[in-house]
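Single-letter residue listing:
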Amino acid sequence: MLEGEGNDRHGHFTFNSTEEMKTERVHQGGTGQTKVRGFKCIYTNARSMGNKKEELELLLQTEGYDIVGITETWWDDSHDWNVVVEGYELFKKNRKGRRGGGVALYVRQGLDCQEVLQSVVDSPVESIWVKISGQWTKGMVVGVCYRPPDQGEELDAALLEQINRVSRHQNVIIMGDFNFPDVCWETSSAKRQDSCNFLTCLADNFLSQMVEEPTRGSAILDLILTNKEELVDGVKVVGTLRGSDHVLLQFQLLWGTKEVRNQTCTLDFRRADFNQLRGLMSVIPWARMLEGKGASEGWSFLKRELLEAQALTIPARQKHSKGSKKPLWMKRDLQKKLREKKEMYRKWREGQTSKEEYMKVTRSCRSAIREAKAQYELGLATGARYNRKNFYRYVRSKRKIKEAIGPLLGIFRGRSHFILWGLPLGMWF
């Protein structure tokens, strides 16, 4: 964290008692406050997030999920402007070279998380692995994987090798669509050789499969795997994401985490006494006090006097880190429509209504969400001439993502070098 004068990333002036304007983090017990709680998680195969992003934002706001896994995002570089959900860190890996595929993991801001297995960044296997630090020294690794139904033996072997490596951790959760419709999970048996190899990998790593209901048609394609069954509780189907042919799987992670709570010290301008501040600054004989001082010495004097007056006239307050923030286009009637869709899905599953009625409610919900967002963005665009600040703030908020970063140290022509975009660092200068 850099120290210096200015604003923090939320636009608030920050300071502390050492006369430096900076952001502070206050923790209990070192780097975070250890707290045992159940994390609310959800996973689905989206089959393209292009027309489902708005409903996902609404779902996260209304349900308050902590961890969200998605397969088949169908994202590419052209989607980077519209993949962020405010209040969440995003880890993603897009399919390279052809359409479809891709995986993503949203983790609520405030959880101490970082991507692991950086050596698989350039692998064509569609997977992402993130470590969430917690009460145990080695933390928990959460993975999201997508295995296409036509995947060959070589990529299957690479995926199983990744699972083998990750399973060395004490606490592992893997969610994804593995496309093994022939597996019977009650007997742990399968007909095809690739399915048998997968079951052998799970058995060798003591991984349990926690999903019991069909996730697409009559097959269990989407799985939740863990090496500690006591970590996962309450796995259930809670609907679909905008009419996708895969279900939404909701579950709880019963695990103690190290939650980093940002408590930025900010100035409370609403309670400031600006008249007193002006009075304190006006009685200083500036011309005499700055006479003979250089730029650096003069700035130090000005800053010291300003901070002393500020401490007397502008009270401080703690600004806690933000959680999931309501989308600006979200209205109360949209939340009602989302609840109606969830209730209609339950009735359809229980045979109390037809699929046509459920799809009718789904289409109505989708249209309302798209119209609400389109109207909000249209208002931003037409008003950009008079309010550019709001327009560009909205655009910038869509680009805060975490891309997979490859290893910085590699071998080039038989020697070890720092690598940048595939070439030794020295060759760029």
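Refer to the structure printed above.
Presented here is an overview of the structure given in this document. Everything numeric in this text was worked out from a predicted model, so none of it was measured.

For the α-helix, the turn length of 3.6 residues means that residues three or four positions removed from each other point alike. The end-to-end C-alpha distance of helix α7 (residues 332-349), which contains 18 residues, comes to 27 Å, matching closely the 26 Å that a straight helix rising 1.5 Å per residue would cover. The complete set of buried residues in α7 reads Leu334, Leu338, Lys341, Met344 and Tyr345. Around the axis of α7, the buried residues are gathered within 125 degrees of arc, so they sit on the same side. For α7, the exposed residues lying more than 90 degrees away from the buried face are Arg332 and Arg339. Gly351, located one to two residues past α7, shows a positive phi value of around 80 degrees.

Unusually for a residue other than glycine, Ser48 sits at a positive phi of about 90 degrees. Mapped onto the secondary structure, Ser48 falls in the loop between β1 (33-45) and α1 (53-63). According to the relative accessible area criterion, Ser48 is buried, its value standing at 16%. Its identity is not glycine, yet Phe206 carries a phi of approximately 55 degrees, on the positive side. With respect to the element layout, Phe206 can be found in the loop between α3 (193-204) and β9 (208-209).

Along the polypeptide, Arg108 turns up in strand β4 (residues 103-108). The sequence separation of Arg108 and Ile67 amounts to 41 residues, and the corresponding C-alpha distance is 6.4 Å. Within polar-contact distance, the side chain of Arg108 engages the side chain of Asp66 at 2.6 Å.

A few words now on helix α8 (residues 355-382). Taking 1.5 Å of rise per residue, the 28 residues of α8 would be expected to cover 40 Å, and the 40 Å separating its terminal C-alpha atoms lies within 8% of that figure. Listing the buried residues of α8 in full gives Tyr358, Val361, Thr362, Cys365, Ala368, Ile369, Ala372, Lys373 and Leu380.

Spatially, the six strands line up as an open sheet ordered β5-β6-β7-β8-β10-β9, and their pairing is mixed. Every other strand in the sheet has two partners, leaving β5 (113-115) and β9 as the edge strands with one partner each. Here strand β6 (residues 126-132) runs beside strand β7 (residues 140-146); their pairing, made up of seven bridges, is antiparallel. Residue pairing in the sheet places Val130 in a bridge with Val142 of β7. Of the strands in this sheet, β6, β7 and β8 (171-177) touch helix α2 (residues 153-166), which is tilted by about 10 degrees from β6.

Let us look at the packing of α2 against α3. Packing of α2 against α3 brings their axes to within 10 Å, and their N-to-C directions diverge by 10 degrees. Relative to α3, the element α2 is oriented roughly parallel. On α3, the residues that touch Asp156, Leu160, Ile163 and Asn164 of α2 are Asp194, Asn197, Phe198 and Cys201. By residue class, the composition of the contact of α2 with α3 is four nonpolar, two polar and two charged.

When you tally the buried positions in strand β3 (residues 88-93), you get five out of six residues, the bulk of the element. Direction of pairing for β3 relative to β4: antiparallel, over a ladder of six bridges. Bridge pairing links Lys93 to Val103 in β4.

Take the pattern of salt bridges next. All told, the structure shown has 18 salt bridges when counted by the stated rule. Its salt-bridge partner being Asp194, residue Arg147 comes within 3.0 Å of it at the nearest N-O pair. Note that Arg147 is positioned in the loop between β7 and α2 and Asp194 in helix α3, a separation of 47 residues in sequence. Given the relative accessible area of 22%, Asp194 is considered partly exposed. If you follow the salt bridges from partner to partner, you end up with Arg147, Asp156, Asp182, Arg192 and Asp194 in one network.

All right, on to the packing of helix α4 (residues 274-282) against helix α6 (residues 295-313) then. Across the interface, α4 lies against α6 with an axial gap of 9 Å and an inter-helix angle of 150 degrees. In this view, α4 runs roughly antiparallel relative to α6, as classed from their interaxial angle. Helix-helix and strand crossings are classified by hand; for α4 and α6 the assignment is right-handed. Contact with α4, carried on its side by Gln276, Leu277, Leu280 and Met281, involves Glu305, Leu306, Ala309, Gln310, Leu312 and Thr313 of α6 and no other residues of that element. The residue makeup of the contact of α4 with α6, split by class, is six nonpolar, three polar and one charged.

Enumeration according to the criterion identifies seven aromatic pairs in this entry. A centroid spacing of 5.0 Å and a plane angle of 35 degrees characterise the contact between Phe178 and Phe198, whose relative ring orientation is tilted. Within this pair, whereas Phe178 is found in the loop between β8 and α3, its partner Phe198 is found in helix α3, the two being separated by 20 residues in sequence. Taking relative accessible area as the criterion, Phe178 reaches 1% and is therefore assigned buried. Aromatic ring contacts, followed pair by pair, group Phe178, Phe180 and Phe198 into a single cluster. Cation over ring: Lys40 sits above Tyr65, and NZ or CZ is 5.2 Å from the ring centre. The side chain of Lys293 reaches across the aromatic face of Phe301, ending 5.6 Å from its centre.

Definitions and limits used
- Residues numbered from 1 in each chain as written.
- Predicted model: local features only at pLDDT ≥ 70, side-chain atom pairs only at ≥ 80, totals over all residues.
- Heavy atoms only, no water.
- Helix = DSSP H or I, 4+ residues; strand = E, 2+ residues; numbered from the N terminus.
- Expected span 1.5 Å × (residues − 1).
- Buried < 20%, exposed > 50% of the residue type's maximum accessible area, 1.4 Å probe, protein only.
- Arc of directions from axis to C-beta.
- Polar contact = N/O pair within 3.5 Å; in protein donor to acceptor, adjacent residues only side chain to side chain.
- Pairing = 2+ DSSP bridges.
- Contact = heavy atoms within 4.5 Å.
- Axes fitted to C-alpha atoms, helices over the stretch in contact; angles between N-to-C directions.
- Parallel < 35°, antiparallel > 145°, perpendicular 65-115°, else oblique.
- Nonpolar A, V, L, I, M, F, W, Y, C, P; charged D, E, K, R; others polar.
- Salt bridge = Lys/Arg side-chain N within 4 Å of Asp/Glu carboxyl O.
- Left-handed = near helix turned anticlockwise from the far one by under 90°.
- Phe/Tyr/Trp six-rings, centres within 6.5 Å; stacked < 30°, edge-to-face > 60°.
- Lys NZ or Arg CZ within 6 Å of the ring centre and 35° of its normal.

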